[in-house]
Amino acid sequence: MNADIVIKNGMILTMDKDMMLFEKADLAVSGSKIIDISPNTKYKGKKTIDAKGKLVMPGLINTHTHAAMTLLRGIADDMPLDIWWQKFIFPIEKKFVNKDFIRVGVGLAAVEMIKSGTTSFADMYFFEDEAAKICKKIGIRAFLGEGVLDFPTPDCPNPDESLKYIEKLHAKWKGDPIIHLMVAPHAPYTCSPEVLVKSKALAEKLDIPLHIHVAETATEVSDIRLKHGASPVEHLEKIGFLSKRVIAVHCVHVSSEDMKIMKKRNIAVSHCQESNMKLASGAAPIVEMQDMGIVVGLGTDGAASNNNLDMFDEMDSVAKFHKALRSDPVVMNAKTVLRMATSDGAKVLQRPDIGSLEVGKTADVIIVDLAKPHLTPLYNIYSHIVYSAGGSEVDAVIINGKLVMEDRKILTINEKYIMGEANEIAEKIKAEVKSL
């Protein structure tokens, strides 16, 4: 029997509901699907990968980022959030964000993510058709949300035009196997109730997710309460915005009452631990959310506030931060955190066909080289992945059944060329920063 790709002799971590682990087995892929996981598969591959001494696992899922902001990495660090945003980020975006900026920035982000084991990411930014085109070329699975705000954005003069743009994008990319669209109203403090309601209506019409920042800072919460007499979550509930489509990003400053509403409406959460720490946004009650049955995935946020897109770093940080916060070494155990980065991330993005390695599911697979000093000896693979491994150990990546990285070489784009383009744009940004 024939298959397109057969991975042989690997330790296979499935991340299915039973957390099945094969100490040594083969995995066969035909088209975009996994067709066999077993010792000594009978399938013969057009392409065979020997994974002896390596781990085969689901690709990591980044549930929130602003991918093109790789081009703003490090331009304004170690300063208060309001100064960071108003004095540096917004003026630079206003001057430089265009189609070329998005193509290069998203291309750079895609390369970085693939090389650190991320096979799917959720984006919120602008010119998302350009993002779609470069992601399609590179072969990374992208969930793209055009940012909707009350004021003009780099590509749309008003929110109604942003929503029209999203609808056109959906018509263009509908049915694509790796490009998926979302509606992405930025936040309750940057979108009027009218815009939020229109955003939800469009998501319902197109049957796609709603991606929104919620309760990221204490200032946001106090401002929304002053303006609307409610917390951000309560405000969204009152206007009828909340539903199972909603991916609520950050949720740092949510109350127990907020969480009850979130659970009632089946809201999923994207937790961006490293960004929250770096911007000193606060400590999100993620353990409490999970105890209530709210699904939580992990995101990196943009590279201007992280400053990398490595989901291995994110797993390590989230596990340790919440243990320290609660003085409890039991919370956020390695299995829980690994679920957040894989199968729970798939639930957040509303794609049950990814996030685990199972026969019939989509083949988004990474191979991790375990033959490293810091990964030796091996007692517990879950703790190894969360506490010891890093993105640089990812050896090969398969997305939608296609091999996009082998022996750490991206096969679909010249990464040195895209880095060169990024550096050219950076020289112009550096000159602008000096004048701010």
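Heads up: the structure comes first, above all this text.
Calculation notes
Residue positions are given per chain, counted from 1 along the sequence in the order it is written. With pLDDT at 70 or above as the cut-off, local features in this predicted model cover only qualifying residues; side-chain atom pairs require 80 or more to be listed or tallied, and sums for whole chains, interfaces and linings still use all residues. Excluded from the side-chain calculation are hydrogens and water; included are all heavy atoms of the structure. Burial here depends on accessible area, computed with a 1.4 Å probe over protein chains only, as a share of the maximum for the residue type. Under 20% is buried, over 50% is exposed, and the range in between is partly exposed. Runs of E in the DSSP output that reach at least two residues are strands. Runs of H or I that reach at least four are helices, and both are numbered from the N terminus. Here a strand pair is declared whenever DSSP counts at least two bridges between the two strands. Patches here: salt-bridge-free residues with over 30% relative accessible area, like charges joined within 9 Å, nonpolar side chains (Val, Leu, Ile, Met, Phe, Trp, Tyr) joined within 5 Å. Every accessible area reported is derived by Shrake-Rupley at a probe size of 1.4 Å, with residue values counting cover from the shown protein chains alone. When a carboxyl oxygen of Asp or Glu is within 4 Å of a side-chain nitrogen of Lys or Arg, the pair counts as a salt bridge. Within 6.5 Å between ring centres, the rings of Phe, Tyr and Trp (the latter by its six-membered ring) count as paired, and their orientation is classed by plane angle as stacked under 30 degrees, edge-to-face over 60, tilted in between. The criterion for a charge sitting over a ring is simple: Lys NZ or Arg CZ within 6 Å of the ring centre, and within 35 degrees of the ring normal. As used here, the term nonpolar core means buried Ala, Val, Leu, Ile, Met, Phe, Trp, Tyr and Cys residues forming a set that is joined through side-chain atoms within 4.5 Å. Contact definition: two residues touch when any of their heavy atoms are within 4.5 Å.

A few words now on the pairing of strand β14 (residues 365-369). Buried residues dominate β14, accounting for 5 of its 5 residues. Going residue by residue along β14, you find V365, I367 and D369 tucked away on one face and I366 and V368 tucked away on the opposite face as well. Pairing geometry for strand β5 (residues 54-58) and β14, over 5 bridges, is antiparallel. Within β14, the residue paired with K54 across the bridge is D369.

Here we take up a nonpolar patch on the surface. On the surface, W85, F90 and F151 cluster together to form a nonpolar patch covering roughly 260 Å² of accessible area. Inspection of the secondary structure assignment puts W85 in helix α1 (residues 81-96).

Take the packing of aromatic side chains next. The description of an aromatic ring pair uses the distance of the two centres, along with the angle that the planes make with each other. Considering all chains together, one arrives at 3 aromatic pairs under this definition. Each ring, one from W85 and one from F90, has its centre 6.3 Å from the other, and the planes form 35°; the classification is tilted. Taking the relative accessible area as the measure of exposure, W85 reaches 34% and is therefore partly exposed. On the basis of relative accessible area, F90 is assigned to the partly exposed category, the value being 35%. Ring geometry for Y125 against F126: centres 5.0 Å apart, planes inclined by 40°, an arrangement best described as tilted. There is no split in this pair, since Y125 and F126 are both buried. Ring pairs connect the aromatic residues W84, W85 and F90, which therefore count as one cluster. Geometry around Y382 places K335 over its ring, the cationic atom sitting 4.9 Å from the centre.

Attention now moves to the nonpolar core. Counting 120 residues, the largest nonpolar core has F101, M262, M289 and M315 as the members making the most contacts within it. Looking at which element gives the most residues to this core, the answer is helix α2 (residues 99-115), with 10 residues. Not counting residues within four places of it along the chain, the set of residues in contact with M315 comprises L60, L298, V337, L338, A341, I385 and V386. Among the nonpolar cores identified, the runner-up in size contains 18 residues, and I7, A51, V56 and A363 belong to it.

Once that is clear, we can look at the pattern of salt bridges. By the definition in use, this model includes 31 salt bridges. Between R245 and D207 there is a salt bridge; the shortest N-O distance is 3.0 Å. Remark: D207 occurs in the loop between α5 (193-206) and β10 (210-214) and R245 occurs in the loop between α7 (232-238) and β11 (246-250); sequence separation between them is 38 residues. According to the relative accessible area criterion, R245 is buried, its value standing at 13%. For E237, the salt bridge identified is with R265, shortest N-O distance 3.0 Å. With E237 in helix α7 and R265 in the loop between α8 (256-264) and β12 (268-271), this residue pair connects regions lying 28 residues apart in the sequence.

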